[in-house]
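Examination of the molecular architecture
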Amino acid sequence: MDEEPERAKRWEGGYERTWEVLKEDESGSLKATVEDILFQAKRKRVFEGHGQVRLGMMRHLFVIIDSSRSMEDQDLKPNRLTSTLKLMEFFVEEYFDQNPISQIGIITTKNKRAEKLTDLAGNPKKHLAALKKAVDSTCVGEPSLYNSLNCVALPSGTDIKEILVIFSSLTTCDPANIYELIKTLNALKIRVSVIGLSAEVRVCTILTRETGGSYNVILDESHFKELLMLHVKPPPASSSSECSLIRMGFPQHVIASMSDQDAKPSFSMLHLDSTGEPGLTLGGYYCPQCRAKYTELPVECKVCGLTLVSAPHLARSFHHLFPLEAFQETPLEEYEGERFCETCQGELKDKCVFTCLACKKVFCVECDLFIHDTLHCCPGCMQTDRTS
Amino acid sequence: MKLNIEGLLVYFPYDYIYPEQYSYMLELKRTLDAKGHGVLEMPSGTGKTISLLSLIVAYQKAYPLEVTKLVYCSRTVPEIEKVVEELRKLMDYYAKQTGAKNDFLALALSSRKNLCIHPEVSSLRFGKEVDGKCHSLTASYIRAQHHSNPSQPVCQFYEQFDAVGRQVPIPPGIYNLDDLKDFGRRKGWCPYFLARYAILHANIVVYSYHYLLDPKIADLVSKELTKKSVVVFDEAHNIDNVCIDSMSVNITRRTLDRCQTNVETLQNTISRIKETDAAKLREEYRRLVEGLKEANVARETDMYLSNPVLPDEILQEAVPGSIRTAEHFVGFIKRFLEYLKARLRIHHVVQESAPQFLKDIYEKVCIDRKPLRFCAERLRSLLRTLEIADIADFSAITLISHFATLVSTYSKGFTIIIEPFEDRTPTIANPVLHFSCMDPSIAIKPVFGRFQSVIITSGTLSPLDIYPRILDFHPVTTASFTMTLARTCLCPLIVGRGNDQVAMTSKFETREDFAVIRNYGNLLLEMSAIVPDGIVAFFTSYIYMENIVASWYEQGILENIQRNKLIFIETQDAAETSMALEKYQEACENGRGAILLSVARGKVSEGIDFVHHFGRAVIMFGVPYVYTQSRILKARLEYLRDQFQIRENDFLTFDAMRHAAQCVGRAIRGKTDYGLMIFADKRYARADKRGKLPRWIQEHLTDGSLNLTIDETVQLAKHFLRQMAQPFRQEDQLGLSLLTLEQLQSEDMLQKIAQIAQQA
């Protein structure tokens, strides 16, 4: 299957009057409008330049996934649960890609209770495995918003600041008054955001409004993905939160080969509590403080509690602080100059060209998207930096 | 903002205005200019009240000689309070803009029960008790007795008011019921009588329909309102029924029994007084000879019974000799009572006109028409003479005397139906005499005749031409306004078939059909799974609801629904229903979700709003036709056909559709609100039904939403709900359905506005 997120099937979607959108140009051709529509679709991107705001870089996010009966609904293919979990895998990967020093935890709720799928941890692999396993679980009963939120908010000491709820059901079965809990969450300054899969539910509206989160309802699968991606970027930190210094360790990766006589295979500390078979490995990362061994980064040291990261991880978070400014958009007709894209060297054929404000280099739409979404730095500027 | 409505400067207390409000004010202004009556339909939640108030107040300020008073009639106390609050906002805005001190007097008026501040009296629970108790403390002879015998209790608040209240006018300002009470407490004056006195010189009066329409009350309260008043009936879609109810009388055997006791009491009192104070009775006799005019000197507190619409000439005449003395009158009433008793002792249904009834009564017991006509007046006089303080006990005999007067006064527009038993329980004898008014124009005619402008307005008045016909008046403007929307926030769907293609309808022949009931159940089940928070479902009648719910229970549908939402049911018991409503709202609030099963024409369908999450969908099961087998209705239909040339079917459909529109309209209470409106009956798809829905609903009924199956409905509903859940801000509305002053003044907007109003 292709990677493009599938839109809802034609016959499932609403009755669209596609012909009314099309308009003939002077020559009677439809081509221009069709191209325009395609172009708009490509450019559909959020250009919310944060400007100079503080971002919470160390994120602790709990995702609550509703897996009640309503998740078996087949309006997302093959059903809501599978689709959600697939998107969640993507989300987890993207999340750690963009927030390498953050942590995530996953909770599912069904049958009126909440269950921790994975604990708060900074390593994507465990989450991905758990998500893959969860596909086979059955969806029964009703979700409980109260229980699952309580499950997160209850253990004091952890500094959870964000909760994302993926809520498919229209009802929640709560053991106590949820408005009390919302007050508690508010006092703890926890931001709760909700993505609804079916319709706007009052209690979620209140929940998100009171805690300062966002509430969105999906239209179809691609919209779902878009909404999830909104949560990848770190949210602006509230002004009241203090700046804090964090101790971090940057362990060296020790590579030992079998031929090396001194190397002894050892267990990784991570295997202490995992149920998977413990593997003896030779090399690894050694905590600079207590010399405990880990095979993967980033991780919080089991022994001394030090956050272990690698330097490139930290560097990747950097771009959130200095986001690349949006390129200036100019129509092709008005643009005078060489009609070649700076990066892909292709001919500029689209309606608009994009100019970097710093280096005045010109890019095509595709490259513009690539630069802003993936590279986060302008290749033109990099080049001029080096040459100068 | 300040608006210029065809040369009239109107202060509007908000920064933004809906285009339809502007259009509404235009039409209203034209109506006032023409000094005529108007029928205006505008959807609820588009700010009807404030448009009305701003324009009429502006008009009053601009032409103080043309329009001196605004009489705003609403239905319930909460609605009255809402109007006063809007008015207060408007007046604050005036004060802020012009800097001048407010010189307007506006007040709300309600019953004694809502206004009394007497510690003992106000603690009584029922309106009737409060009225009775109040009367026993404030009647003129009680107060006279108090003079000679200070131990006789009187109401000190009334005494205070009577002593000084009339000389000092109440200072200008806006008074709702609580403000009046506060004012009364501060001054020690009775707020009820204060308000009743103050409406004579107030600029704006807000009160209930009944103060104008019910002749018994109108005569007391609204008699002296000036001709140069503008009268507004808000939420007036049921105005014809209010008129009819105020003129109709039902007499059961219980009424007669109680009347019998009343008569005995009267008789005893008369004989006692005769022994002690014969002069008093002689005095009364003398007065009656002189004519009723003098007796009619209004002493406002002597409210034994008020006058059903008596032609003025009767009041000039003297009471006929046969009932002048007290004993004769009691004898007369006794005879009349015996006659009624005999009439109720029947085994078959009798229907006759008023002249027939008069002829029959003359033949059987030799009662003439003339004394009958004076019955109500004579009883009133007698009760006053006998100084019977507690009038609450005498409601039965009062009712009978009303009936006597009405039946002998009106030969047309009324019918008498005597039924030996109820249709539902043919074995239990429960004879009832219905004296039923069939012509709503009788009660409202004095209103149209007396005031220069009467505005009838509501969210659902379609089809507009029928109201002028049944109320018998000639409006200068009739217009229907649509709701301009930035997003289509209402989604009317007509579901005609189940998934098995069986037609869904509440038609009499198929309503017991198993498949129909099952399909209705499936519809509710499917909707309960996709609609968030609250769903309100309306049935055509209580019996139908009971049957369906019972059969759903047997089929297990109810159980399945309860997995998605809680179920609450409206019953005929008011306390039970308000409890259910409260719990329903709680369930909607905390995310549990709930369904309220209720009945069209019931309390829920008329008075309760389901804003936002309290009603995301309304399902109307069947077409709410009125029970057509009832004889009263049949008589009324016949009358409409003969007098107004309205075909029976037209009227029935009109009546059913206005109630259906009322029901589904409960869900949308503003432009930020949204809701599904599901009409579950295939008959709605027919042009004659669809065409009678208000224009603002019809507009959104496309061909694609007619005669759907349940599956299709679910798909459309899902899509709609997701669309509506997308963020919606005020900026999105601005310029389309919400205008600033500059936008309003632009040329093409004015053109668009011109299209909003559709003249009928």
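About the thresholds
- Residues numbered from 1 in each chain as written.
- Chains lettered and ligands numbered in written order.
- Predicted model: local features only at pLDDT ≥ 70, side-chain atom pairs only at ≥ 80, totals over all residues.
- Heavy atoms only, no water.
- UniProt positions renumbered as here; feature names shortened; annotations may be inferred.
- Helix = DSSP H or I, 4+ residues; strand = E, 2+ residues; numbered from the N terminus.
- Rg over C-alpha atoms; globule rule 2.2 N^0.38 Å.
- Buried < 20%, exposed > 50% of the residue type's maximum accessible area, 1.4 Å probe, protein only.
- Contact = heavy atoms within 4.5 Å.
- Areas by Shrake-Rupley, 256 points an atom, 1.4 Å probe, with all protein chains shown as cover.
- Core = buried A, V, L, I, M, F, W, Y, C linked by side-chain atoms within 4.5 Å.
- Domains from an automatic or database assignment.
- Buried area = accessible area lost by both parts, 1.4 Å probe.
- Salt bridge = Lys/Arg side-chain N within 4 Å of Asp/Glu carboxyl O.
- Polar contact = N/O pair within 3.5 Å; in protein donor to acceptor, adjacent residues only side chain to side chain.
- Nonpolar A, V, L, I, M, F, W, Y, C, P; charged D, E, K, R; others polar.
- Pairing = 2+ DSSP bridges.
- Axes fitted to C-alpha atoms, helices over the stretch in contact; angles between N-to-C directions.
- Phe/Tyr/Trp six-rings, centres within 6.5 Å; stacked < 30°, edge-to-face > 60°.
- Lys NZ or Arg CZ within 6 Å of the ring centre and 35° of its normal.
- Parallel < 35°, antiparallel > 145°, perpendicular 65-115°, else oblique.
- Left-handed = near helix turned anticlockwise from the far one by under 90°.

If you look chain B up in an unreviewed UniProt entry, it shows as General transcription and DNA repair factor IIH helicase subunit XPD from Sinocyclocheilus rhinocerous. UniProt lists a comment for chain B under the heading Catalytic activity (unreviewed entry), and it reads "ATP + H2O = ADP + phosphate + H(+)". As recorded by UniProt, the Cofactor (unreviewed entry) comment attached to chain B reads in full: "[4Fe-4S] cluster".

The name given to chain A in an unreviewed UniProt entry is General transcription factor IIH subunit, with Sinocyclocheilus rhinocerous as the source organism. One UniProt comment on chain A, placed under Sequence similarities (unreviewed entry), says "Belongs to the GTF2H2 family." Annotation of chain A in UniProt includes, under Subcellular location (unreviewed entry), the sentence "Nucleus".

1. Details of the overall build of chain B
Summing up its helical and strand segments, chain B has 36 helices and 21 strands in all. Against the globule reference of 27 Å for 760 residues, chain B gives a C-alpha radius of gyration of 28 Å, in line with a compact fold. Burial statistics for chain B: of 760 residues in total, 59% are counted as buried. Residue pairs at least 24 apart in sequence account for 81% of intrachain contacts in chain B once pairs closer than 6 positions are excluded. Of the roughly 30100 Å² of accessible surface on chain B, a fraction of 51% belongs to carbon and sulfur atoms.

2. Quick word on the UniProt feature "domain: Helicase ATP-binding" (unreviewed entry) in chain B
In the numbering adopted here, UniProt assigns the feature "domain: Helicase ATP-binding" (unreviewed entry) to residues 7-285 of chain B. Taken as a whole, residues 7-285 of chain B contains 57% helix and 13% strand, while its terminal C-alpha atoms sit 61 Å from one another.

3. A word on the nonpolar core
One finds Tyr207, Phe233, Ile239, Leu266, Leu340 and Phe403 of chain B to be the most contacted residues of the largest nonpolar core, which totals 178 residues. The greatest single-element share of this core, amounting to 10 residues, is contributed by helix H17 (residues 326-344) of chain B. Residue-level mapping places this core at the junction of two domains, with at least three residues from each of domain 1 (247-440) and domain 2 (490-727) of chain B. In contact with tyrosine 207 of chain B, other than residues within four places in its own chain, are Val71, Tyr72, Cys73, Ser74, Ile80, Leu109, Ile199, Leu212, Val221, Ser222 and Leu225 of chain B. Leu181 and Ile182 of chain A together with Phe621 and Phe679 of chain B belong to the second largest nonpolar core, which has 109 residues in total.

4. As for the domain arrangement of chain A
Considered domain by domain, chain A is made up of domain 1 (55-232), domain 2 (248-318) and domain 3 (323-386). Here the C-alpha centroids of domain 1 of chain A and domain 3 of chain A sit 37 Å apart.

5. Section: the domain arrangement of chain B
All names here are of chain B. Domain boundaries assigned for chain B yield domain 1 (247-440) and domain 2 (490-727). Spacing between the C-alpha centres of domain 1 and domain 2 amounts to 44 Å. In this complex, domain 1 contributes 14 residues to the contact, which on the side of domain 2 involves 10 residues. In total, domain 1 and domain 2 occlude about 1100 Å² of area from one another, counting both sides; carbon and sulfur atoms represent 59% of this. In this structure, the connection of domain 1 to domain 2 is made through one salt bridge. Counting across the domain 1 and domain 2 interface gives two residue pairs in polar contact (both at pLDDT 80 or more). Broken down by secondary-structure element, the contributors of at least two residues to the side of domain 1 that touches domain 2 are strand S11 (414-421) and strand S12 (429-437). For the side of domain 1 that touches domain 2, the leading source of residues is S11, giving three residues. Its residues assigned to classes, the side of domain 1 that touches domain 2 comprises four nonpolar, five polar and five charged.

6. Overview of the UniProt feature "domain: C2H2-type" (unreviewed entry) in chain A
The feature "domain: C2H2-type" (unreviewed entry), as annotated in UniProt, sits at residues 356-376 of chain A in this numbering. Helix makes up 52% of residues 356-376 of chain A and strand 10%. Its end C-alpha atoms lie 13 Å apart.

7. Quick notes on the sheet that holds strand S5 (residues 191-196) of chain A
Residue and element names in this part refer to chain A. Judged by pairing direction, the sheet is mixed, and its six strands sit side by side in the order S3-S2-S1-S4-S5-S6 without closing on themselves. Looking at which strands have only one partner, the edges of the open sheet turn out to be strand S3 (113-121) and strand S6 (215-217). Across the sheet, the mean angle separating the axes of adjacent strands is 15° when strand polarity is ignored. Pairing of strand S2 (residues 103-110) with S3, which is carried by six bridges, proceeds in the antiparallel orientation.

8. A short note on the packing of aromatic side chains
Residues and elements named next belong to chain B. Summed over the entire model, instances satisfying the criterion amount to 35 aromatic pairs over all chains. Here tyrosine 207 and tyrosine 211 contribute two aromatic rings whose centre-to-centre distance is 5.1 Å and whose plane-to-plane angle is 35°, an arrangement assigned as tilted. Relative accessible area serves as the criterion here: at 0%, tyrosine 207 is assigned to the buried category. The interplanar angle of 50° and the centroid separation of 5.7 Å between the aromatic rings of phenylalanine 651 and phenylalanine 654 together place this pair among those described as tilted. Of the two residues, phenylalanine 651 and phenylalanine 654 both sit in helix H30 (residues 648-665), three residues apart, roughly one turn of that helix. This pair shows no difference in class: phenylalanine 651 is buried, exactly as phenylalanine 654 is. Site record: aromatic cluster; members linked through ring pairs are Phe336, Tyr339, Phe357, Phe403, Tyr410, Phe414 and Phe435. Over the ring of tyrosine 94 we find lysine 61, and its NZ or CZ is 4.5 Å from the ring centre. Positioned over the ring face of tryptophan 189 is lysine 187, at 5.6 Å from the centre of the ring.

9. Focus on the packing of helix H12 (residues 239-247) of chain B against helix H22 (residues 440-450) of chain B
Residue and element names in this part refer to chain B. Interaxial distance between H12 and H22 falls to 7 Å at its minimum, and their mutual angle equals 100°. Judged on the interaxial angle alone, H22 and H12 are roughly perpendicular. Along the contact surface, H12 presents Ile239, Asp240, Cys243, Ile244, Ser246 and Met247, while H22 presents Pro440, Ile442, Ala443 and Ile444.

10. As for helix H6 (residues 140-148) of chain B
Every buried residue belonging to H6 of chain B is among Ser140, Tyr141, Ile142 and Arg143 of chain B, and all of these are buried. Looking at the buried positions of H6 of chain B, the neighbouring elements they touch are helix H5 (127-138), helix H7 (156-165) and helix H20 (375-386) of chain B.

11. Focus: the pattern of salt bridges
For the structure shown, the criterion picks out 45 salt bridges over all chains. Put simply, arginine 80 of chain A and aspartate 75 of chain A hold a salt bridge, and the shortest N to O gap is 2.8 Å. Like aspartate 75 of chain A, arginine 80 of chain A is buried. A salt bridge links arginine 592 of chain B to glutamate 142 of chain A, with the nearest nitrogen and oxygen atoms 2.9 Å apart. Of this pair, arginine 592 of chain B sits in the loop between helix H27 (574-589) and strand S18 (594-599) while glutamate 142 of chain A sits in the loop between helix H4 (124-134) and helix H5 (145-153), which puts the two residues in different chains. In this structure, arginine 592 of chain B and glutamate 142 of chain A share a single accessibility class: buried. Within this structure, Asp73, Asp75 and Arg80 of chain A together with Lys718 and Arg722 of chain B form a network of salt bridges that share partners.

12. Here's the deal with the sheet that holds strand S11 (residues 299-300) of chain A
Residues and elements named next belong to chain A. Reading across from one edge, S7-S12-S11 is the order of the three strands in this open sheet, with mixed pairing throughout. Each edge of the open sheet is held by one strand with a lone partner, namely strand S7 (248-249) and S11. Pairing geometry for S7 and strand S12 (residues 307-308), over two bridges, is parallel. Residue glycine 249 lies in a different strand from S12, and its bridge partner there is leucine 308.

13. Digging into the packing of helix H13 (residues 253-276) of chain B against H17 of chain B
Residue and element names in this part refer to chain B. Look at H13 against H17: their axes get within 10 Å of each other, and the N-to-C directions meet at 165°. Of the possible angle classes, the one that applies to H13 and H17 is roughly antiparallel. The chirality of how H13 crosses H17 is left-handed. Side by side, H13 and H17 meet where Arg253, Leu256, Asp257, Cys259, Gln260, Val263, Leu266, Gln267, Ile270 and Lys274 of the first sit next to Ala326, Glu327, Val330, Ile333, Lys334, Leu337, Glu338, Leu340, Lys341 and Leu344 of the second.

14. A closer look at unusual backbone geometry
Trans peptide bonds make up the majority, and among non-glycine residues the majority have a negative phi. Put simply, lysine 77 of chain A and proline 78 of chain A share a cis peptide bond, and its omega is -10°. The residue proline 78 of chain A is located in the loop between strand S1 (60-66) and helix H3 (80-98) in this model. The backbone of glutamine 345 of chain A sits at a positive phi, close to 65°, despite the residue not being glycine. Among the secondary structure elements, glutamine 345 of chain A is positioned in the loop between strand S13 (328-331) and strand S14 (352-355). If you check the backbone angles, aspartate 472 of chain B has positive phi at about 60° while not being a glycine. Of note, aspartate 472 of chain B is situated in the loop between helix H23 (466-471) and strand S14 (475-481). A relative accessible area of 38% places aspartate 472 of chain B in the partly exposed class.

15. Some thoughts on the pairing of S12 of chain B
Residue and element names in this part refer to chain B. Most of S12 sits out of view: seven of its nine residues are buried. With four bridges joining them, strand S9 (residues 249-252) and S12 adopt antiparallel strand pairing. In the sheet register, threonine 252 faces S12, and the bridge partner there is valine 432. The sheet contact formed by S11 and S12 spans seven bridges and is antiparallel. Opposite isoleucine 418, over in S12, you have leucine 433 as the bridge partner.

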